[in-house]
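For reference, the chains in residue letters:
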Amino acid sequence: MRRILTFAAALALAGTAPCFASAERGAEAAGEALAATVTTQLPRTVRPVHYAIDVAPDAGALRFDGRVSIDLEVLEATDRIVLQAVDMTFSDSALVDAGGKSRRAKVSVDAARQNASFTFRRKLKPGRYTLATRYSGRIGTQANGLFALDYPTAEGSRRALFTQFENSDARRFVPSWDEPFHKATFDLAVTARDGDMVVGNMPVASVEDLADGRRKVVFQTTPRMSTYLLFLAIGEFDRIAMPSDGDVEIGVVAQRGKAEQALFALDATADILRAYDDYFGVAYPLPKLDNIAAPGRSQFFSAMENWGAIFTFEHSFLLDPAIASTADRQRVFSLTAHEIAHQWFGNLVTMAWWDDLWLNEGFATWLAGRTTRALHPEWDRSGVRPAFTSRGAMGQDAYATSHPVVQHVETVEQASQAFDGITYGKGAAVIAMLEDYVGENAWREGVRSYIRRHAYGNAVTDDLWRAMEQAAPGRQFLAVAHDFTRQTGVPLIRASSTCVDGRTVVTLAQGEFTMDRPDKTPLHWRVPVSVRAGEGEPVRVLVDGTARVELPGCEAPVRVNAGQKGYFRTLYEPTQFKALAADFAALPAVDQLGLMLDAGALAGVGLQPEADLLDLAMQVPLDAAPELWQLVSSTLEEIDDLLRDDAQRQKAFRAFARQHLAAKFQTLGWEVRGEDDATLRQLRTGLIRTLGLFEDPQVLAEARRRFDASSSDPAALPAELRRTVLGVVARGADAGTWDRLHAMARGEVSAMLRDQYYGLLASAADAALARRALDMALTGEPGATNGAAMISGVSFEHPDLAFDFAVAHREQVDRLVDSTSRARYYPRLGAGSRKVETAANIRAFAERHLDSRSRREAETAAVGIETRARLREARLPHVNAWLLQRGI
Ligand SMILES: [Zn+2]
């Protein structure tokens, strides 16, 4: 059942707010020990207890006035209270002690340190106080702090306000101890125009009509939480809400007229909440959980898990029936599952400091994946997705520029850079491996006891490990967990086998897989490995340097990392690999995928013959899992890229590759059939995209035909094909087509569609059109949050052009990217370059413009370019030899 709640009903439900007090006091006590050691940029002399915030934003002028009183505790005598604040001015600042005595404070601001000091003539004795101040701040146009998003509607342009505080931008909204360890409770009051909806973390407690026609909306007090989870949105919204099984009010909020497009997400929320209440054994603790859709985009996030008020950009949340594909539905579901997982892992129990960010992001990624597979098995029938996640992380982790899952972070910008493939992808992969190692029941017990123990408080990684050791004693758990979270890098397991007296004896030896340091001395890991021969029982072993496993019989080929839960690559001795390849069609899909992904990575660095990979790609049967064909397709794209500097050979290769992929595409055709499951639908669009890239004349003509027909017949672009067909057309666009797409973008009144069209304008292969897109990105025409996306879009096909352009227009581009993301944004533009000079240019940019502690992303991009250039040189002769054998 779905019902649209009236305001009165919302207030009635709000009365069921639980009492957080006793659990919170427990967490406070547990936190005392951490307080002395946790990293902080503030003095340890004062801590906040409760904030009462009252703000009045002026959306038109992009500024706001605020008032805050902070109940705090002075722990050691001091003459100053230092907290964090950015772009703020202060007035009427005073401190009141427990006896009601007030004293004035002198305020000084340190912009570089992002803090404000309230100093007093006499030292404050330890005890309770309330610090009150008026302040005013800025409303931004990029997604950090309190920010405005303008968007088109059929009635004209609209502006809505939202907040985004992770990792360290609450200090742009309220002067605060803006570090995750400093949990407090929050009262929020907001003055808004009549007719605007105001959404916060908690249900509305009261509404007061003001004399000037505005309204003051007051929210209920939040539970004890970190500042980065505070949320506010104001705008012309609709909300649809319903009760969950557990009497939590779940709701979706979107721009007026669009809330219906969030009903899929609302249903998903109900299913996911039920699953998580069960998994964690602790029910979702707030009275309501909203998910708020916002137009526009950020370069760095799609959604944010604010407690009780998740924020998600429309492109990853709303499903417009005319254009939403199966892939869109999957994205909405898994993103919603990710953000809801944070309501426990992150919000209820929060990492003490950004060193342990993976506790948030690794867990949310892993649990969202696990829950999506459980609730929608039809989206991943072969269970191969986790293998893609782990191999994706290995790509980054095999470079010297990688970092351990648990890493030390000092600055705000370093914290911001920690939101990367290691923290998310490797974090999730290591959890999946450890869960497999201790068993899913023991793992869940460990998670439950960790959540119970640290609810409303903070924790570090070893707190979780302690809970796990108790749940699964005696398994060297800690050794394995530390090896994979405290060390950088990817283990390599070399496998060989012999037949002794009718039994297979497998020898495993651990080395290290690296992309950029072939002579590196391997690190040491204790690696859980599962070994299996044919359909036999898998045998588990902990490889500590080397290991020996015996399996019955000698006939079936042996596979290592059976089920692909282990975070390592496998290098088989040649005869063993050949035996597996010969038996390829009989392997489970997940192991077919693992074998191919590892062979590809190992061939890439010269550890395995190129022919092993290519032969494998050619022998994937027509009826293999669709994901395998996606992999064939991407393998062929990789070879195509290797041949870029040899136009003639690339042309011949493309003809060969087209023929190979067309055989599979013919079994699917253009039209979606009712019985096609999600993976087949995605394979269809994937093949259209790759065949378009390989300039398949039939695919290009059909895409063009459908695009032309769509202006009079929308059915020519069914939702499942629309984005793919437009992508093929836009990539190959000539000036006339580009102008037509431009006209479509300008005339569009749906924010989401308009953003898509501007994205398409940035994807042209033609360099002159790419330049036009770059120029347009700076004009403001595409909208404040689309400019940076357009430059990124151009960088896929033209990395050097995009990077040089952005650097040349740095002042303008800086305004299109939120400030803490610049250290990532510029280097990524050039990261795909094939020119070694670009690596030097990226380093030069970093030296000139980035803090020395914020250059990892730049160094990663530069080393990636150099390494790929070197590996290309080494690979090409082998690839060419294989092609020659086939007359190419
Ligand atoms: Zn997350």
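Note that the coordinates shown come from a computational prediction; the quantities given were computed from them, not determined experimentally. (Residues numbered from 1 in each chain as written. Predicted model: local features only at pLDDT ≥ 70, side-chain atom pairs only at ≥ 80, totals over all residues. Heavy atoms only, no water.)

Draft legend 1. Region of the structure containing the overall build of the protein chain. Within the protein chain, the secondary structure is distributed over 28 helices and 29 strands. Relative to the 2.2 N^0.38 estimate, which gives 29 Å for 888 residues, the radius of gyration of the protein chain is 28 Å and therefore close to what a compact globule would have. Over its C-alpha atoms, taken along the principal directions, the protein chain stretches across nearly 90 × 70 × 60 Å. Counting all 888 residues of the protein chain, 60% fall into the buried class. Long-range contacts, defined here as pairs at least 24 residues apart, represent 70% of the contacts in the protein chain between residues at least 6 apart. If you sum the accessible surface of the protein chain, you get close to 34,000 Å²; carbon and sulfur atoms cover 50% of it. Taken together, the 101 basic and 113 acidic charged side chains of the protein chain have centroids lying 3 Å from each other. (Helix = DSSP H or I, 4+ residues; strand = E, 2+ residues; numbered from the N terminus. Rg over C-alpha atoms; globule rule 2.2 N^0.38 Å. Buried < 20%, exposed > 50% of the residue type's maximum accessible area, 1.4 Å probe, protein only. Contact = heavy atoms within 4.5 Å. Areas by Shrake-Rupley, 256 points an atom, 1.4 Å probe, with all protein chains shown as cover. Lys, Arg positive; Asp, Glu negative; His and termini not counted. Charge placed at Lys NZ, Arg CZ, Asp CG, Glu CD.)

Draft legend 2. Here's a closer look at the pairing of strand β24 (residues 503–513). Counting buried positions over the 11 residues of β24 gives 8, a clear majority of the element. Judged from the 11 bridges that link them, strand β23 (residues 490–500) and β24 form a sheet pairing that is antiparallel. When the sheet's bridge partners are listed, proline 491 is paired in β24 with glutamate 512. The antiparallel hairpin formed by β23 and β24 contains 2 residues in its connecting segment, where aspartate 501 sits at a positive phi of about 50°. As defined by bridge partners, β24 adjoins strand β27 (residues 546–552) across 6 bridges and the pair is classed as antiparallel. Each bridged residue has a counterpart across the sheet, and for threonine 507 the counterpart in β27 is arginine 548. (Pairing = 2+ DSSP bridges.)

Draft legend 3. Representation of the sheet that holds strand β17 (residues 249–255) within the structure. Across the sheet, 5 strands lie side by side as β16-β17-β18-β20-β19; this open sheet has mixed pairing. The outermost strands of the open sheet, each flanked by one partner alone, are β16 (237–243) and β19 (303–304). As defined by bridge partners, β16 adjoins β17 across 7 bridges and the pair is classed as antiparallel. The residue bridging methionine 242 from the neighbouring strand is isoleucine 250, located in β17.

Draft legend 4. Spotlight on the environment of leucine 42. The topology assignment puts leucine 42 in the loop between α2 (21–35) and β1 (46–58). Residue leucine 42 is classed as buried on the basis of its relative accessible area, which comes to 5%. With 843 residues separating them in the primary sequence, leucine 42 and glutamine 885 have C-alpha atoms 66 Å apart.

Draft legend 5. Highlighting the coordination of the zinc ion. Taken together, His338 (NE2), His342 (NE2) and Glu361 (OE) make up the full set of protein donors to the zinc ion, lying 2.0 to 2.1 Å away. Along the chain, the residues donating to the zinc ion fall in the pattern H-x3-H-x18-E. Placement of histidine 338 in helix α4 (residues 326–342) and of glutamate 361 in helix α5 (residues 357–375) is noted, with a sequence separation of 23 residues between them. For the pair histidine 338 and glutamate 361, a shared accessibility class is recorded, and that class is buried. (Donors = N, O, S within 2.8 Å, 3.2 Å for Na, K, Ca; no water.)

Draft legend 6. A look at empty space enclosed by the protein. Tallied over the full model, the rule gives 6 cavities of 30 Å³ or more. One number sums up the size of the largest cavity: a volume of about 70 Å³. Sort the elements by how many residues they give to the lining of the largest cavity and helix α13 (residues 589–604) lands first, with 4 residues. Looking at the second largest cavity, its volume works out to about 60 Å³. What lines the second largest cavity is Gln142, Ala143, Arg297, Ser298, Gln299, Thr785, Ala788, Leu816, Val817 and Asp818. (1 Å grid on protein atoms, 1.4 Å probe; cavity = no way out; pocket = protein on both sides within 12 Å on 5 of 7 lines; lining within 4 Å. Points joined across faces, edges and corners; volume = space filled by probe spheres on them.)

Draft legend 7. Looking closely at the pattern of salt bridges. The tally for this structure, following the rule as stated, stands at 71 salt bridges. A salt bridge links aspartate 150 to arginine 159; the nearest nitrogen and oxygen atoms lie 2.7 Å apart. Between arginine 754 and aspartate 755 there is a salt bridge whose closest N-O contact spans 3.7 Å. Classification of arginine 754 as buried rests on a relative accessible area of 14%. Among the ionic contacts, a cluster of salt bridges with common partners joins Asp641, Arg644, Asp645, Arg731, Glu797 and Arg834. (Salt bridge = Lys/Arg side-chain N within 4 Å of Asp/Glu carboxyl O.)

Draft legend 8. The side chain of histidine 338, seen in detail. By relative accessible area, histidine 338 is classed as buried at 10%. There is a polar contact of 3.1 Å between the side chain of histidine 338 and the side chain of histidine 342. Non-local contacts of histidine 338, meaning those with residues more than four positions away in its chain, are made with Glu361, Ala364, Thr365, Ala368 and Tyr424. (Polar contact = N/O pair within 3.5 Å; in protein donor to acceptor, adjacent residues only side chain to side chain.)

Draft legend 9. Region of interest: the pairing of strand β20 (residues 309–313). In terms of burial, β20 is largely enclosed, as 5 of its 5 residues are buried. The alternating pattern of β20 places Ala309, Phe311 and Phe313 and Ile310 and Thr312 on opposite faces, both of which are buried. Taken together, the 5 bridges between strand β18 (residues 288–294) and β20 define a ladder with parallel strand orientation. The partner of asparagine 291 across the bridge, within β20, is isoleucine 310.

Draft legend 10. Inspection of the side chain of aspartate 677 at higher detail. Among the secondary structure elements, aspartate 677 is positioned in the loop between α16 (647–668) and α17 (678–693). At 3.2 Å, the side chain of aspartate 677 and the side chain of arginine 381 are in polar contact. With sequence-adjacent residues up to four places away left out, aspartate 677 is seen in contact with Glu378 and Arg381.

Draft legend 11. Expanded view of the environment of glutamate 550. Along the polypeptide, glutamate 550 turns up in strand β27. Along the chain, glutamate 550 and valine 505 lie 45 residues apart, while their C-alpha atoms are 4.6 Å from each other. If near-sequence neighbours (up to four positions away) are discounted, glutamate 550 is found in contact with Arg503, Thr504 and Val505. A distance of 2.8 Å separates polar atoms of two side chains, one belonging to glutamate 550 and the other to arginine 503. For glutamate 550, the side chain forms a polar contact with the side chain of arginine 548, separated by 3.5 Å.

Draft legend 12. Seen up close, α16. Between its first and last C-alpha, α16 extends 30 Å over 22 residues, near the 32 Å set by a 1.5 Å rise per residue. Its axis deflected by about 30° at alanine 662, α16 carries its strongest bend there. A positive backbone phi angle near 70° is found at glycine 669, which sits one or two residues after α16. (Expected span 1.5 Å × (residues − 1). Bend = angle between axes of the 7 residues up to and from the residue.)

Draft legend 13. Structural view of the state of the cysteines. In total, this model carries 1 disulfide according to the counting rule given. The disulfide partner of cysteine 499 is cysteine 554, and the gap between their sulfur atoms is 2.0 Å. Given an S-S torsion of about 90°, the disulfide between cysteine 499 and cysteine 554 has right-handed geometry. With cysteine 499 in strand β23 and cysteine 554 in the loop between β27 and β28 (558–560), this residue pair connects regions lying 55 residues apart in the sequence. (Disulfide = S-S within 2.5 Å.)

Draft legend 14. Local environment of the sheet that holds strand β7 (residues 115–124). Strand order in this open sheet of 3 strands is β3-β7-β6, and the pairing throughout is antiparallel. In this open sheet, the two strands that pair with only one neighbour each are β3 (78–84) and β6 (106–110). Averaged over all adjacent pairs, the angle separating strand axes in this sheet is 25°, with direction ignored. By the bridge criterion, 6 bridges tie β3 to β7 in an arrangement that is antiparallel. (Axes fitted to C-alpha atoms, helices over the stretch in contact; angles between N-to-C directions.)

Draft legend 15. Looking closely at a positive patch on the surface. Together, Lys101, Arg121, Arg122 and Lys125 line one region of the surface with positive charge. Within the secondary structure layout, arginine 121 lies in strand β7. (Patch = residues over 30% accessible without salt bridge, like charges linked within 9 Å, V, L, I, M, F, W, Y side chains within 5 Å.)

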